There are 2 protein chains.
Amino acid sequence: MNTENAKSQMRKGMLEYCILLLLHKGPAYASDIIQQLKEAQLIVVEGTLYPLLTRLKNDRLLRYEWQESTQGPPRKYYALTLDGEEFLRHLDGAWNELTNTVNILRSGSKAEVILT
Amino acid sequence: MNTENAKSQMRKGMLEYCILLLLHKGPAYASDIIQQLKEAQLIVVEGTLYPLLTRLKNDRLLRYEWQESTQGPPRKYYALTLDGEEFLRHLDGAWNELTNTVNILRSGSKAEVILT
DNA sequence: TTTCAGTACCTTGTATTGCAAAGTATATTT
DNA sequence: AAATATACTTTGCAATACAAGGTACTGAAA
């Protein structure tokens, strides 16, 4: 029984939402984002994050600025655009619908078993 | 801005959970499941559902029985196996983690904007 | 100067899976 | 027999999470 794969599948699609939520609080660069998500108990790896950030930037939901670092190479700080903020509100709605759906399905009482 | 695609992506992975939740209440056949999910505001189509049911059956999480119908061809009634019930409890845990993550990310206050 | 370690960004290939669209099969009605 | 309704199935495509490996810049040690 592969629970890990199921959890990974559950994360699909949620990641985009979580990253936008995080960036709504303020700009961050990739390693930063990975760290913050980990603190929120969401494991993400670079190979997942970088293409996602690039896609969101190409869709004009994010923008970035290079910033010098006191130690190490410069960092790409990502931030939400106005479009990104609006999109985030749509995703808030989608998330609300989804939790509502799960609550409906969870709350129903277990029917009598028909199969013998 | 393609909201539909994002919502579709959010559904990914959740579908498996929702279907197991639904079948936990009692056996159902495919059209039945589609109808019940629609009532819970989750749109699923046949091309999505049938392969998923087959996969869950092959993983021994579901089983089915043919049942005659008063009108139309016989129906495949799916039900959870014991493994399926156990797996569902794991998914309950994963779902709780995910909602927790989103709540953490949602609740944080918006930081000061660094980018100009 | 060269080398090494640390940090950060990026790319390629693979597997999974949702979905549209089309197909097959059975039962009932005309 | 043909048409309709119901139900199950398959094929091909697109999106995306992830593992694994690669590139580039910085600063300190050899």
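Just above sits the structure.
Throughout this document, residue positions are counted from 1 along each chain, in the order its sequence is written. Written order determines the labels here, with chains lettered from A and ligands numbered from 1. Where totals are concerned, whole chains, interfaces and linings use all residues; where local detail is concerned, this predicted model gives features only for residues with pLDDT of at least 70, and gives and counts side-chain atom pairs only at 80 or more. For side-chain calculations, the full set of non-hydrogen atoms in the structure is used, while hydrogens and water are omitted.

1. Some words on the protein's contact with DNA strand D
Part 1 of the argument: It suffices for a single heavy atom of a residue to lie within 4 Å of a molecule or strand for the residue to be listed as near it. Around DNA strand D, 25 residues are found, and the nearest of them are Gln9(B), Tyr29(B), Tyr50(B), Arg75(B) and Lys76(B).
Part 2 of the argument: Polar contacts, as counted here, are pairs of nitrogen or oxygen atoms within 3.5 Å of one another; within protein the pair requires one atom able to donate a hydrogen and one able to accept it, and residues that are adjacent in sequence qualify only if both atoms are side-chain atoms. Interatomic distance of 3.3 Å between a side-chain N/O atom of Thr48(A) and a phosphate oxygen of DNA strand D.
Part 3 of the argument: Interatomic distance of 3.3 Å between a side-chain N/O atom of Arg55(A) and a phosphate oxygen of DNA strand D.
Part 4 of the argument: Only DSSP runs of H or I with at least four residues qualify as helices, and only runs of E with at least two residues qualify as strands; both kinds are numbered from the N terminus onward. Top contributing element to the surface near DNA strand D by residue count: helix α4 (residues 46–58) of chain B, with 4 residues.
Part 5 of the argument: Asp, Glu, Lys and Arg are counted as charged, while Ala, Val, Leu, Ile, Met, Phe, Trp, Tyr, Cys and Pro are counted as nonpolar; the rest, among them Gly, fall into the polar class. Of the residues contributing to the surface near DNA strand D, the split by class is 9 nonpolar, 9 polar and 7 charged.

2. Describing the relation of the copies chain A and chain B
Part 1 of the argument: Overlaid copies result from least-squares superposition on C-alpha atoms, with residues included only where pLDDT is at least 70 in both. Of the transformation superimposing chain A on chain B, the axial component is 0.0 Å and the angular component is 180°, with the fit at an RMSD of 0.1 Å. Each copy turns onto its partner about a two-fold axis. For chain A, the minimum C-alpha distance to the rotation axis belongs to Lys12(A) and amounts to 3.1 Å.
Part 2 of the argument: Contacts between residues were defined by any pair of non-hydrogen atoms, one from each residue, lying within 4.5 Å. Both copies contact each other with a shared surface, as 100% of the interface residues of chain A are interface residues in chain B too.

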